[in-house]
Amino acid sequence: MEMQEANQRSEVSPNQTIYINNLNEKVKLDELKKSLTAVFSQFGKILEVLAFKTLKHKGQAWVVFDNSASASTAIAKMNDFPFYDKNMRIQFAKTKSDVVSKADGRFVPREKRKRHEEKGGKKKKDQHHDSTQTGMAINSAYVGLYGAAPPLSQVPYLGGAKPNLPEAPAPPNNILFVQNLPHETAPMMLQNMFSQYLGFKEVRMIETKPGIAFVEFADEMQSTVAMQGLQGYKIQQNQMLITYAKK
DNA sequence: AGCACA
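Residues numbered from 1 in each chain as written. Chains lettered and ligands numbered in written order. Predicted model: local features only at pLDDT ≥ 70, side-chain atom pairs only at ≥ 80, totals over all residues. Heavy atoms only, no water.

- Under an unreviewed UniProt entry, chain A has the name U1 small nuclear ribonucleoprotein A and belongs to Cardamine amara subsp. amara.
- Turning to chain A, the UniProt record has this under Subcellular location (unreviewed entry): "Nucleus". (UniProt positions renumbered as here; feature names shortened; annotations may be inferred.)

As C-alpha coordinates, this is what we get:
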(Lines give C-alpha, C1' and ligand atoms only; values in the text may rest on other atoms or scores of the structure.)
Protein backbone atom coordinates (compact mmCIF):
# COMPACT_ATOMS: atom_id res chain seq x y z
CA MET A 1 0.00 0.00 0.00
CA GLU A 2 1.16 3.55 -0.52
CA MET A 3 -0.76 5.44 2.06
CA GLN A 4 1.91 5.24 4.67
CA GLU A 5 3.90 8.28 3.69
CA ALA A 6 0.99 10.61 4.09
CA ASN A 7 1.48 11.45 7.68
CA GLN A 8 5.15 11.49 8.16
CA ARG A 9 6.10 14.59 6.27
CA SER A 10 6.19 17.34 8.84
CA GLU A 11 3.95 15.49 11.23
CA VAL A 12 4.91 13.99 14.51
CA SER A 13 3.00 11.32 16.30
CA PRO A 14 0.44 12.44 18.82
CA ASN A 15 1.65 12.61 22.38
CA GLN A 16 0.92 14.57 25.50
CA THR A 17 3.31 17.46 24.91
CA ILE A 18 2.67 20.33 22.56
CA TYR A 19 5.41 22.41 21.00
CA ILE A 20 4.54 26.03 20.41
CA ASN A 21 6.47 28.52 18.37
CA ASN A 22 6.03 31.92 16.80
CA LEU A 23 5.60 33.23 20.32
CA ASN A 24 6.26 36.87 21.01
CA GLU A 25 9.88 36.98 22.13
CA LYS A 26 9.48 40.20 24.01
CA VAL A 27 7.40 38.60 26.71
CA LYS A 28 9.32 37.66 29.80
CA LEU A 29 9.58 33.95 30.51
CA ASP A 30 7.79 34.06 33.77
CA GLU A 31 4.83 35.89 32.35
CA LEU A 32 4.84 33.78 29.23
CA LYS A 33 4.56 30.59 31.22
CA LYS A 34 1.78 31.93 33.35
CA SER A 35 -0.19 33.08 30.36
CA LEU A 36 0.31 29.79 28.57
CA THR A 37 -0.91 28.03 31.66
CA ALA A 38 -3.92 30.31 31.79
CA VAL A 39 -4.85 29.61 28.23
CA PHE A 40 -4.12 25.89 28.08
CA SER A 41 -5.33 24.60 31.41
CA GLN A 42 -8.85 24.53 30.04
CA PHE A 43 -7.84 21.46 28.00
CA GLY A 44 -6.72 19.37 30.90
CA LYS A 45 -4.20 19.01 33.65
CA ILE A 46 -0.83 20.55 32.83
CA LEU A 47 2.21 18.80 34.21
CA GLU A 48 4.76 21.36 33.15
CA VAL A 49 5.32 24.41 30.99
CA LEU A 50 8.83 24.94 29.68
CA ALA A 51 10.33 27.89 27.88
CA PHE A 52 13.86 29.11 27.47
CA LYS A 53 15.45 32.33 26.47
CA THR A 54 18.52 31.07 24.69
CA LEU A 55 18.96 32.11 21.09
CA LYS A 56 18.03 28.72 19.85
CA HIS A 57 14.92 28.46 21.94
CA LYS A 58 13.40 31.88 22.07
CA GLY A 59 9.83 32.22 21.00
CA GLN A 60 9.10 28.58 21.75
CA ALA A 61 7.52 26.67 24.58
CA TRP A 62 6.45 23.19 25.56
CA VAL A 63 3.27 22.48 27.43
CA VAL A 64 3.05 19.00 28.89
CA PHE A 65 -0.42 17.64 29.57
CA ASP A 66 -1.16 14.55 31.55
CA ASN A 67 -2.68 12.85 28.52
CA SER A 68 -2.49 13.15 24.77
CA ALA A 69 -6.17 13.78 24.19
CA SER A 70 -5.78 17.09 25.97
CA ALA A 71 -2.83 17.89 23.75
CA SER A 72 -4.79 17.09 20.60
CA THR A 73 -7.69 19.25 21.64
CA ALA A 74 -5.34 22.07 22.53
CA ILE A 75 -3.80 21.93 19.08
CA ALA A 76 -7.15 21.76 17.35
CA LYS A 77 -8.57 24.67 19.27
CA MET A 78 -5.59 26.92 19.72
CA ASN A 79 -3.34 26.54 16.71
CA ASP A 80 -3.00 29.88 15.02
CA PHE A 81 -4.56 31.60 18.00
CA PRO A 82 -3.53 35.23 18.53
CA PHE A 83 -1.39 35.52 21.63
CA TYR A 84 0.55 38.68 22.47
CA ASP A 85 -0.13 39.91 18.98
CA LYS A 86 1.31 36.88 17.22
CA ASN A 87 -0.40 33.71 16.20
CA MET A 88 0.74 30.64 18.08
CA ARG A 89 1.87 27.74 15.92
CA ILE A 90 1.29 24.50 17.73
CA GLN A 91 2.34 20.94 17.02
CA PHE A 92 2.97 17.81 18.98
CA ALA A 93 6.45 17.78 20.46
CA LYS A 94 8.97 15.58 18.71
CA THR A 95 10.27 13.80 21.74
CA LYS A 96 8.90 12.72 25.04
CA SER A 97 9.15 15.14 27.92
CA ASP A 98 11.27 14.28 30.90
CA VAL A 99 8.39 14.64 33.33
CA VAL A 100 6.58 12.00 31.34
CA SER A 101 9.54 9.65 31.20
CA LYS A 102 10.03 10.06 34.88
CA ALA A 103 6.46 9.05 35.48
CA ASP A 104 7.04 6.07 33.18
CA GLY A 105 10.14 5.05 35.00
CA ARG A 106 11.90 5.29 31.62
CA PHE A 107 13.81 8.42 32.29
CA VAL A 108 17.45 8.40 31.31
CA PRO A 109 19.58 11.23 32.62
CA ARG A 110 20.60 13.62 29.92
CA GLU A 111 24.37 13.16 30.14
CA LYS A 112 23.88 9.57 29.05
CA ARG A 113 22.19 10.21 25.75
CA LYS A 114 23.74 13.49 24.79
CA ARG A 115 26.47 15.64 26.05
CA HIS A 116 26.15 19.19 25.12
CA GLU A 117 26.60 22.16 27.37
CA GLU A 118 30.20 21.29 28.13
CA LYS A 119 32.21 23.41 25.83
CA GLY A 120 35.63 24.20 27.28
CA GLY A 121 36.12 27.26 29.39
CA LYS A 122 33.69 28.27 32.01
CA LYS A 123 31.10 30.59 30.76
CA LYS A 124 29.19 32.37 33.37
CA LYS A 125 25.64 32.01 32.27
CA ASP A 126 22.83 32.79 34.59
CA GLN A 127 21.85 29.41 35.84
CA HIS A 128 18.52 30.27 37.16
CA HIS A 129 16.57 32.38 34.81
CA ASP A 130 13.24 32.27 36.46
CA SER A 131 11.86 28.90 35.70
CA THR A 132 8.92 29.04 37.96
CA GLN A 133 8.31 25.78 39.69
CA THR A 134 6.14 24.16 37.14
CA GLY A 135 7.89 20.93 37.82
CA MET A 136 5.77 18.45 39.64
CA ALA A 137 2.29 17.28 38.93
CA ILE A 138 0.44 20.33 39.92
CA ASN A 139 -3.22 19.70 40.43
CA SER A 140 -3.82 23.19 39.20
CA ALA A 141 -0.89 24.76 37.51
CA TYR A 142 -1.47 28.19 38.89
CA VAL A 143 -0.86 27.08 42.40
CA GLY A 144 2.78 26.52 41.74
CA LEU A 145 2.97 29.60 39.61
CA TYR A 146 1.43 31.86 42.13
CA GLY A 147 3.24 30.35 45.02
CA ALA A 148 6.62 31.07 43.55
CA ALA A 149 6.62 34.63 42.40
CA PRO A 150 5.15 37.68 44.01
CA PRO A 151 2.22 39.15 42.11
CA LEU A 152 3.81 41.13 39.33
CA SER A 153 4.97 44.69 39.84
CA GLN A 154 6.52 44.89 36.48
CA VAL A 155 5.12 46.84 33.62
CA PRO A 156 2.13 45.37 31.76
CA TYR A 157 3.93 43.70 28.93
CA LEU A 158 3.80 45.35 25.56
CA GLY A 159 3.48 48.97 24.77
CA GLY A 160 0.51 48.03 22.67
CA ALA A 161 -3.00 49.31 23.06
CA LYS A 162 -4.76 46.01 23.06
CA PRO A 163 -3.85 43.71 25.85
CA ASN A 164 -5.31 40.38 24.92
CA LEU A 165 -4.18 38.37 27.88
CA PRO A 166 -4.22 38.26 31.61
CA GLU A 167 -0.79 38.51 33.17
CA ALA A 168 -1.40 35.48 35.32
CA PRO A 169 -3.72 32.51 35.29
CA ALA A 170 -6.83 32.78 37.34
CA PRO A 171 -8.25 29.77 39.15
CA PRO A 172 -11.58 28.37 38.01
CA ASN A 173 -14.38 30.82 38.56
CA ASN A 174 -18.08 30.92 37.77
CA ILE A 175 -17.38 34.24 36.07
CA LEU A 176 -15.62 34.26 32.72
CA PHE A 177 -13.46 37.03 31.36
CA VAL A 178 -13.83 37.48 27.63
CA GLN A 179 -11.28 39.43 25.61
CA ASN A 180 -10.44 40.37 22.05
CA LEU A 181 -14.02 41.21 21.11
CA PRO A 182 -14.71 43.62 18.27
CA HIS A 183 -15.38 46.94 19.92
CA GLU A 184 -18.85 47.14 18.50
CA THR A 185 -19.92 43.84 20.03
CA ALA A 186 -23.33 44.18 21.62
CA PRO A 187 -24.06 42.58 24.98
CA MET A 188 -27.07 40.90 23.41
CA MET A 189 -24.88 39.07 20.96
CA LEU A 190 -22.80 37.62 23.77
CA GLN A 191 -25.88 36.77 25.70
CA ASN A 192 -27.20 34.81 22.75
CA MET A 193 -24.01 32.84 22.53
CA PHE A 194 -23.50 32.14 26.19
CA SER A 195 -27.09 31.61 27.24
CA GLN A 196 -27.21 28.35 25.34
CA TYR A 197 -25.09 26.90 28.13
CA LEU A 198 -26.63 25.65 31.31
CA GLY A 199 -26.27 27.87 34.31
CA PHE A 200 -25.96 31.12 32.37
CA LYS A 201 -26.80 34.16 34.48
CA GLU A 202 -25.66 37.36 32.82
CA VAL A 203 -23.28 39.26 30.59
CA ARG A 204 -21.65 42.43 31.84
CA MET A 205 -19.80 44.88 29.68
CA ILE A 206 -18.18 48.16 30.57
CA GLU A 207 -18.62 51.06 28.18
CA THR A 208 -15.30 52.55 29.06
CA LYS A 209 -13.54 49.29 28.29
CA PRO A 210 -14.57 48.06 24.88
CA GLY A 211 -13.48 44.64 23.72
CA ILE A 212 -14.02 42.80 26.96
CA ALA A 213 -16.92 41.28 28.85
CA PHE A 214 -17.67 39.34 31.99
CA VAL A 215 -20.05 36.43 31.75
CA GLU A 216 -21.47 34.92 34.88
CA PHE A 217 -22.64 31.36 35.40
CA ALA A 218 -24.17 29.70 38.40
CA ASP A 219 -21.08 27.65 39.11
CA GLU A 220 -17.62 27.00 37.77
CA MET A 221 -18.43 23.65 36.21
CA GLN A 222 -20.95 25.37 34.02
CA SER A 223 -18.70 28.30 33.20
CA THR A 224 -15.99 25.82 32.25
CA VAL A 225 -18.25 24.03 29.80
CA ALA A 226 -19.18 27.33 28.16
CA MET A 227 -15.53 28.35 28.01
CA GLN A 228 -14.59 25.14 26.27
CA GLY A 229 -17.44 25.42 23.83
CA LEU A 230 -16.81 29.00 22.85
CA GLN A 231 -13.07 29.38 23.18
CA GLY A 232 -11.64 30.91 20.05
CA TYR A 233 -15.06 31.49 18.56
CA LYS A 234 -14.71 34.03 15.82
CA ILE A 235 -16.75 37.19 15.79
CA GLN A 236 -15.97 38.94 12.56
CA GLN A 237 -12.17 39.04 12.50
CA ASN A 238 -11.69 38.42 16.17
CA GLN A 239 -11.25 35.16 18.00
CA MET A 240 -12.64 35.41 21.49
CA LEU A 241 -10.19 34.66 24.25
CA ILE A 242 -11.90 33.34 27.33
CA THR A 243 -10.28 32.89 30.70
CA TYR A 244 -11.60 32.75 34.21
CA ALA A 245 -12.15 36.14 35.78
CA LYS A 246 -9.92 36.95 38.69
CA LYS A 247 -11.57 36.54 42.01
C1' DA B 1 13.48 29.95 12.07
C1' DG B 2 14.58 27.77 15.97
C1' DC B 3 12.07 20.59 19.41
C1' DA B 4 13.99 20.93 25.67
C1' DC B 5 14.01 19.20 30.03
C1' DA B 6 18.39 25.53 34.26
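Further notes follow.
Here we look at unusual backbone geometry
Phase 1 of the analysis: The phi dihedral of Asn-22 is positive, around 65 degrees, even though this residue is not glycine.
Phase 2 of the analysis: Looking at the element boundaries, Asn-22 is found in the loop between strand 1 (17–21) and helix 1 (29–40).
Phase 3 of the analysis: Owing to a relative accessible area of 27%, Asn-22 belongs among the partly exposed residues under this scheme.
Phase 4 of the analysis: One non-glycine residue with positive phi stands out, namely Tyr-84, at about 50 degrees.
Phase 5 of the analysis: Topologically, Tyr-84 is positioned in the loop between strand 4 (82–83) and strand 5 (86–87).
Phase 6 of the analysis: The exposure class of Tyr-84 is buried, given its relative accessible area of 1%. (Helix = DSSP H or I, 4+ residues; strand = E, 2+ residues; numbered from the N terminus. Buried < 20%, exposed > 50% of the residue type's maximum accessible area, 1.4 Å probe, protein only.)

Some points on the sheet that holds strand 9 (residues 213–217)
Phase 1 of the analysis: Reading across the sheet, the 4 strands line up as 8-9-7-12 and stay open at both edges, with antiparallel pairing between neighbours. The sheet is open, and its two edges are formed by strand 8 (200–204) and strand 12 (241–244), each paired on a single side. Put simply, the sheet's adjacent strands are angled 25 degrees from each other on average, direction ignored.
Phase 2 of the analysis: In the sheet, strand 7 (residues 175–179) pairs with strand 9 via 4 bridges, with the strands oriented antiparallel. For Val-178, the partnering residue across the bridge sits in strand 9 and is Ala-213.
Phase 3 of the analysis: In the packing of helix 6 (residues 187–194) onto the sheet, contacts are made with strand 7, strand 8, strand 9 and strand 12, and the angle to strand 8 comes to roughly 155 degrees. (Pairing = 2+ DSSP bridges. Axes fitted to C-alpha atoms, helices over the stretch in contact; angles between N-to-C directions. Contact = heavy atoms within 4.5 Å.)

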